Each structure stands twice: as C-alpha cells, then as structure tokens.
Amino acid sequence: MMLGAWGVAACGGMSGALQVEVLEDEVAQVVPVGGGKAYVVPRSTLPPGAREGDVVREGRLDTELGTRLAREVAEWRARLAVPVPDGLDLDSGASGSLTTSKEQ
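Residues numbered from 1 in each chain as written. Predicted model: local features only at pLDDT ≥ 70, side-chain atom pairs only at ≥ 80, totals over all residues. Heavy atoms only, no water.

Got a sec to walk through unusual backbone geometry? Specific residues and values, please.
Residue Glu58 is not a glycine yet carries a positive backbone phi of 55°. If you trace the backbone, Glu58 turns up in the loop between strand S4 (55-57) and strand S5 (60-61). Taking the relative accessible area as the measure of exposure, Glu58 reaches 54% and is therefore exposed. (Helix = DSSP H or I, 4+ residues; strand = E, 2+ residues; numbered from the N terminus. Buried < 20%, exposed > 50% of the residue type's maximum accessible area, 1.4 Å probe, protein only.)

Next comes the structure, spelled out in structure tokens:
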C-alpha cells in the first residue's frame, strides 16, 4: 500500500518532472529534472511505453520537455568538443609503436 502511494508521488504527482534513467523488469530509476538524487520507483507507476531518457510529469510522458532536454545536452556536448586543428590527420594513427625502444 505504501509503495503504491510512494510511486504516485514519485512519478510527478507532487515532485514535478522526473527523467527515467534506468528501466528494469520491476523497477525504474528516476531523477528529478533540474537536479537531485536518483531514486527507485516501481515500473508500474510509469506511464505505458516509458523508455530510458523519457520525462514524466504528472503521470504522463512530457515529450516536449524530453526533446528540449535532449537538445540542451547535445548543445552542451558540442560546446565541450575540442576542434581538430587544420592539417592534423587523426585518421592516419600513430606512426609505429610508442614502446618499440623500450621493448628492445
């Protein structure tokens, strides 16, 4: 009984939007959108069809917020990417073993 009430509150009833981090057979790990500690809820408390990465608000999938979060993460990762300087060929690989002199 307590688990059912906890699950309703956990899936957006009182706590706002949650992002599904991990889905298992019987339980799911969720984390509050905007930060906070992840916790486990019964998978049956999530809306049908919920997948990892989805956002749940008020017991329903919030596809608009989920899409926005995914876009923000992609933009953040792009800002962190290190540009390759002109003339640097990363596809050619290293020329020979870096440990050849130590091996002999």
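So what about helix H2 (residues 63-80)? Which residues, and what values?
For H2, which comprises 18 residues, the first-to-last C-alpha distance of 26 Å matches the rise-based estimate of 26 Å (1.5 Å per residue) to within 8%. Residues of H2 that are buried sit in contact with strand S1 (18-23) and S4. (Expected span 1.5 Å × (residues − 1). Contact = heavy atoms within 4.5 Å.)

Pulling in residues and values, what's your account of the pattern of salt bridges?
Enumeration over the complete set of coordinates arrives at three salt bridges. Linking Arg60 and Glu58 is a salt bridge whose minimum nitrogen-to-oxygen distance equals 3.5 Å. Across this residue pair, the class does not change: Arg60 and Glu58 are exposed. For Arg68, the salt bridge identified is with Glu72, shortest N-O distance 3.5 Å. Taken together, the positions of Arg68 and Glu72, both in helix H2 and four residues apart, correspond to about one turn of that helix. Exposure remark for Arg68: the relative accessible area of 40% places this residue in the partly exposed category. (Salt bridge = Lys/Arg side-chain N within 4 Å of Asp/Glu carboxyl O.)

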